[in-house]
Amino acid sequence: MLPVVLSATFVQLLNVTAAQVAAPAIQAGLGAGPGAVQLVLAGYTLTYACLLIPAARLGDRYGYRRLFVAGTVVFTAGSVAGAFAPDAASLITARLVQGSGSGLVAPQVLSLIHAATPAARRSRALGSYGATMAVASLAGPLIGALVLSADLFGLGWRPVMLLTVPVALASLAGSTALPRSRGADKLRVDKLGALLVTVGAGALVLPLTLGREAGWPWWTWAGFAVAVAALAHFVRSLPHRPDPLIHPAVLRDWSARRGTLLVFVFNTGVPSFTYLLFLHLQSAVGYSPLAAALTSAPFAAAAVFGSRAAPALVRRHGPTVLTVASLVLAGMCLALAPLVGSAAGRQAALPVLAVGGAAFGAFTASVFTLVLAEVHGAAAGSVSGLLPTAQQLGGSIGVTAAGLAYYAPAADADTAFRHAMLYQVVAFTITALISLRLRHRPGPEPVHGHSSHSGEARI
């Protein structure tokens, strides 16, 4: 079962960074403007983030396997449609469909891991989940750049959209191995809550992803106001609605709130770091997409080793792994800032990137295990659904904030990169401070979901 759900996670995250590398080719190939290209990139994240929390409850109601299959079909259809899109509007629509499919699948992955994995193997499974996310996020630029450079059949950027299709089809074929969860027939879906969280997340993510490029027009601020109003009403009304999307115990459980905040803050630093590194190497240094991807390869390769070492490190050191990894990442960003300004410095940056990549892999492969181990009782199931949402929202906010730091008035491009790296240092330092409050408390593994079938299936 585990390879099936992890393959789905891999293609969801690969799809984000591979498309970023292809953005210039998409703009040239379709004759699209900068705003349209931003929507191609942002459309996926927008629908992905908006559907995560409602999809978690839909999985509880109708069965995790059923939602997993439905979401994978939607994602695959969007991928194929994107590859054959005749114009920018069609491609944007396809990306919205892709994101919807990913939003339906992502919560089911954690739910299936919890429902179908024996307690003794659950930490290792969660570590593999985190490692898959790390590898997919970092492999996307390299794979995308290789496909672009190959210009398969003279199709330019279009094969990049098809990269995920074979793996998604394999996930569908393997879905027969997933446990046949029945769903909870008596569980009602909180329609008002789903509407509020979808509107709130959409009104937050869309201005964040498009605001800087658009010059922060009035509608971005109106979007923020709508997001605050919708999400605030969602939180205030949780205790008063039957079968809420998020169990009210989350609001009372400091461990649940702290763990979600930890994942959120860390992800304000991770996607933005890789985004800025590629942006600077291509726009300021003049590297091709492939050269930029190869420069970052030590980070990606070392992340694999860091994720493999994470389970043993967590058993020995507990949450200290998160603190040390965050501080190593902050140190990496400090060291990189002066190195990228020269050819010799960029060569010296390679081992620095490798050290940072190992820290990134160790953090990503262990954070979900440690957070979910700390949260017990009624809040545990909701936290399993909240963590992917915190990832997506943190990534969207981080890319915007880091972009503002990079594009702030500066004497030259190297100074702009230093500004951006200082932002990364702050994000990772705050992550380290939050992780200090985690406690290593071995105990019963949390069980996701509200339905009675949650512990029946086994891998």
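Above this text you will find the structure in question.
Residues numbered from 1 in each chain as written. Predicted model: local features only at pLDDT ≥ 70, side-chain atom pairs only at ≥ 80, totals over all residues. Heavy atoms only, no water.

(A) Structural view of the overall build of the protein chain. Regarding its fold elements, the protein chain presents 17 helices and zero strands. Relative to the globule expectation of 23 Å for 459 residues, the C-alpha radius of gyration of the protein chain, 21 Å, shows essentially globular dimensions. Dimensions of the protein chain, computed from C-alpha atoms along their principal axes, come out at roughly 60 × 50 × 45 Å. By residue count, 58% of the 459 residues in the protein chain fall in the buried class. Surface summary for the protein chain: the accessible area is close to 17,500 Å², and the carbon and sulfur share equals 68%. Here the protein chain holds 29 positive side-chain charges and 13 negative ones, and the gap between their average locations is 8 Å. (Helix = DSSP H or I, 4+ residues; strand = E, 2+ residues; numbered from the N terminus. Rg over C-alpha atoms; globule rule 2.2 N^0.38 Å. Buried < 20%, exposed > 50% of the residue type's maximum accessible area, 1.4 Å probe, protein only. Areas by Shrake-Rupley, 256 points an atom, 1.4 Å probe, with all protein chains shown as cover. Lys, Arg positive; Asp, Glu negative; His and termini not counted. Charge placed at Lys NZ, Arg CZ, Asp CG, Glu CD.)

(B) Local environment of unusual backbone geometry. Phi at aspartate 151 is positive, roughly 45 degrees, even though this residue is not glycine. Take aspartate 151: it is sitting in the loop between helix 5 (119-150) and helix 6 (158-162). Here the phi dihedral of phenylalanine 153 falls at roughly 55 degrees; this positive angle occurs in a residue that is not glycine. Topologically, phenylalanine 153 is positioned in the loop between helix 5 and helix 6. The exposed category is assigned to phenylalanine 153, whose relative accessible area is 78%.

(C) Focus on helix 3 (residues 64-83). Its 20 residues give helix 3 an end-to-end C-alpha distance of 29 Å, which sits within 8% of 28 Å, the value for a rise of 1.5 Å per residue. Three or more residues of helix 3 are buried, namely Tyr64, Arg65, Leu67, Phe68, Gly71, Thr72, Phe75, Thr76, Gly78, Ser79, Gly82 and Ala83. An end-on view of helix 3 places all buried positions within 165 degrees of arc, on one side of the element. Taken together, the buried residues of helix 3 touch helix 1 (2-30), helix 2 (34-62), helix 4 (88-116), helix 6 and helix 7 (165-174). (Expected span 1.5 Å × (residues − 1). Arc of directions from axis to C-beta. Contact = heavy atoms within 4.5 Å.)

(D) Quick look at the packing of helix 14 (residues 320-339) against helix 15 (residues 343-374). Axis separation between helix 14 and helix 15 bottoms out at 8 Å; the angle between their running directions is 155 degrees. The angle between the axes of helix 14 and helix 15 places the two elements in the roughly antiparallel class. Crossing handedness for the pair helix 14 and helix 15: left-handed. Here the residues of the contact of helix 14 with helix 15 are counted per class, giving 20 nonpolar, four polar and one charged. (Axes fitted to C-alpha atoms, helices over the stretch in contact; angles between N-to-C directions. Parallel < 35°, antiparallel > 145°, perpendicular 65-115°, else oblique. Left-handed = near helix turned anticlockwise from the far one by under 90°. Nonpolar A, V, L, I, M, F, W, Y, C, P; charged D, E, K, R; others polar.)

(E) Geometry of the environment of tyrosine 44. Relative to the assigned elements, tyrosine 44 resides in helix 2. Along the sequence, tyrosine 44 and glycine 395 sit 351 residues apart, while their C-alpha atoms lie 13 Å from each other. The contact partners of tyrosine 44, leaving out residues within four places of it in the chain, are Gln12, Asn15, Val16, Phe75, Arg95, Gln98, Gly99 and Ser102.

(F) Representation of helix 4. Between the first and last C-alpha of helix 4 there are 42 Å, a value that for 29 residues agrees with the 42 Å anticipated at 1.5 Å per step. Its side-chain oxygen at 3.4 Å from the backbone nitrogen of alanine 89, aspartate 87 defines the N-terminal cap of helix 4. (Polar contact = N/O pair within 3.5 Å; in protein donor to acceptor, adjacent residues only side chain to side chain.)

(G) Just the side chain of threonine 364, in detail. Within the fold, threonine 364 resides in helix 15. Threonine 364 gets classed as buried once you look at its relative accessible area, which sits at 8%. Side-chain polar atoms of threonine 364 contact the backbone oxygen of phenylalanine 360, separated by 2.9 Å.

(H) Layout of the environment of glycine 43. Positionally, glycine 43 belongs in helix 2. Taking the C-alpha atoms as reference points, glycine 43 and serine 100, separated by 57 residues in sequence, lie 9.6 Å from one another. With residues near it in sequence (within four places) discarded, glycine 43 still touches Arg95 and Leu96.

All quantities given are derived from atomic positions and should not be read as evidence of function.
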